[in-house]
Amino acid sequence: DAGVTQSPTHLIKTRGQHVTLRCSPISGHKSVSWYQQVLGQGPQFIFQYYEKEERGRGNFPDRFSARQFPNYSSELNVNALLLGDSALYLCASSLDPFSDNEQFFGPGTRLTVL
Amino acid sequence: AQTVTQSQPEMSVQEAETVTLSCTYDTSESDYYLFWYKQPPSRQMILVIRQEAYKQQNATENRFSVNFQKAAKSFSLKISDSQLGDAAMYFCATGTYKYIFGTGTRLKVLA
């Protein structure tokens, strides 16, 4: 079975632009979470979606938004990019937010903002 | 607020030896999980071991084991018989639906 997949692998944008990152969860998983990992740091929680509803949001500005589709895939959108948004963006999927809580991570999207 | 602290930015271990990575945490949750994740240079985070806070018995997975001290809010990872493939960043995390990660410990395995 395929694991969590993310696209694109790498992305270069300039300040002020908008970016959309995509995530496909493991088949059967209905919950998707997004994390930002700045170089040299641990991942920081951005959002969790379950059954297309936002269940949790981390301490990120409104420039960050996300959504989940009927097939449980998800998009993370970032508007008005800043240099500080340069990071590895990780998607993680789990069966649901309630059960054994094991989250499976994708390989990430490396975003560079120039 | 939940916090996770990893006080060892980098550790080294000789191949076949044992190494312990430290982690302390703070949480107001009554029921929570603790995790150790491995992130090799290829970037993909891999779950190494998981501990449910209400279980007193320390989790083990082959060469990996934890020392969970709930009262002290300590959750260390012991890697026995270290192998070259164990070299990676190791992150301690806690949470339920959202994970709080520490800053990581880079483990180097010396041949």
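Residues numbered from 1 in each chain as written. Chains lettered and ligands numbered in written order. Predicted model: local features only at pLDDT ≥ 70, side-chain atom pairs only at ≥ 80, totals over all residues. Heavy atoms only, no water.

### Structural notes on the overall build of chain B
Working step 1: Helix and strand content of chain B: zero helices and 12 strands.
Working step 2: Helices and strands in chain B line up, N terminus first, as β-β-β-β-β-β-β-β-β-β-β-β.
Working step 3: Against the compact-globule benchmark of 13 Å for 111 residues, chain B has a radius of gyration of 13 Å, which places it among compact chains.
Working step 4: Viewed in the frame of its principal axes, chain B has a C-alpha envelope of about 45 × 25 × 20 Å. (Helix = DSSP H or I, 4+ residues; strand = E, 2+ residues; numbered from the N terminus. Rg over C-alpha atoms; globule rule 2.2 N^0.38 Å.)

### A word on unusual backbone geometry
Across residues other than glycine, the phi torsion is negative in most instances, and most of the peptide bonds are trans.
Residue and element names in this part refer to chain A.
Working step 1: Cis rather than trans, the peptide bond between serine 7 and proline 8 has omega equal to -10°.
Working step 2: On the secondary structure map, proline 8 appears in the loop between β1 (5–7) and β2 (10–13).
Working step 3: Look at lysine 52: it is not a glycine, yet its phi comes out positive at around 70°.
Working step 4: Residue classification places lysine 52 among the partly exposed residues on the basis of a relative accessible area of 43%. (Buried < 20%, exposed > 50% of the residue type's maximum accessible area, 1.4 Å probe, protein only.)

### Notes on the nonpolar core
Residue and element names in this part refer to chain B.
Working step 1: Within the largest apolar cluster, 25 residues are counted, with the highest numbers of intra-cluster contacts made by Trp36, Phe75, Leu77 and Tyr90.
Working step 2: Elements with a minimum of two residues in this core: β3 (19–21), β5 (33–39), β6 (46–52), β8 (64–69), β9 (74–79), β10 (88–95) and β12 (105–110).
Working step 3: Sequence-distant contacts of leucine 77, that is, excluding residues within four places in its chain, are made with Val19, Thr20, Leu21, Trp36, Val48, Ile49, Phe64, Ser65, Val66 and Tyr90. (Core = buried A, V, L, I, M, F, W, Y, C linked by side-chain atoms within 4.5 Å. Contact = heavy atoms within 4.5 Å.)

### Considering the interface of chain B and chain A
Working step 1: Taken together, the contact pairs 17 residues of chain B with 26 residues of chain A.
Working step 2: In this assembly, chain B packs against chain A so that about 1,800 Å² is buried in total across both faces, 49% of it on carbon and sulfur atoms.
Working step 3: Broken down residue by residue, the surface that chain B buries against chain A is led by Arg43, Tyr97 and Tyr99 of chain B, which jointly contribute 37%.
Working step 4: Viewed at the interface, chain A and chain B are joined by zero salt bridges.
Working step 5: Summed over the shared surface of chain B and chain A, the number is five residue pairs in polar contact (both at pLDDT 80 or more).
Working step 6: Of all elements in the fold, only β5, β6 and β11 (99–101) of chain B reach the threshold of two or more residues within the side of chain B that touches chain A.
Working step 7: Looking at the side of chain B that touches chain A, the element that brings in the most residues is β5 of chain B, giving four residues.
Working step 8: Among the residues forming the side of chain B that touches chain A, the class breakdown is nine nonpolar, five polar and three charged. (Buried area = accessible area lost by both parts, 1.4 Å probe. Salt bridge = Lys/Arg side-chain N within 4 Å of Asp/Glu carboxyl O. Polar contact = N/O pair within 3.5 Å; in protein donor to acceptor, adjacent residues only side chain to side chain. Nonpolar A, V, L, I, M, F, W, Y, C, P; charged D, E, K, R; others polar.)

### Quick word on the state of the cysteines
Working step 1: By the definition in use, this model includes two disulfides over all chains.
Working step 2: A disulfide bridge connects cysteine 23 of chain A with cysteine 91 of chain A, and the sulfur atoms are separated by 1.8 Å. On the sign convention where negative means left-handed, the S-S torsion of about -60° between cysteine 23 of chain A and cysteine 91 of chain A marks this disulfide as left-handed. On the criterion of sequence distance, the pair formed by cysteine 23 of chain A in strand β3 (residues 19–24) and cysteine 91 of chain A in strand β9 (residues 87–94) is long-range, its members being 68 residues apart. The same class applies to cysteine 23 of chain A as to cysteine 91 of chain A, namely buried.
Working step 3: Paired by a disulfide, cysteine 23 of chain B and cysteine 92 of chain B hold their sulfur atoms 2.0 Å apart. Taking the sign of the S-S torsion, -70° for the link of cysteine 23 of chain B and cysteine 92 of chain B, the bridge is left-handed. (Disulfide = S-S within 2.5 Å.)

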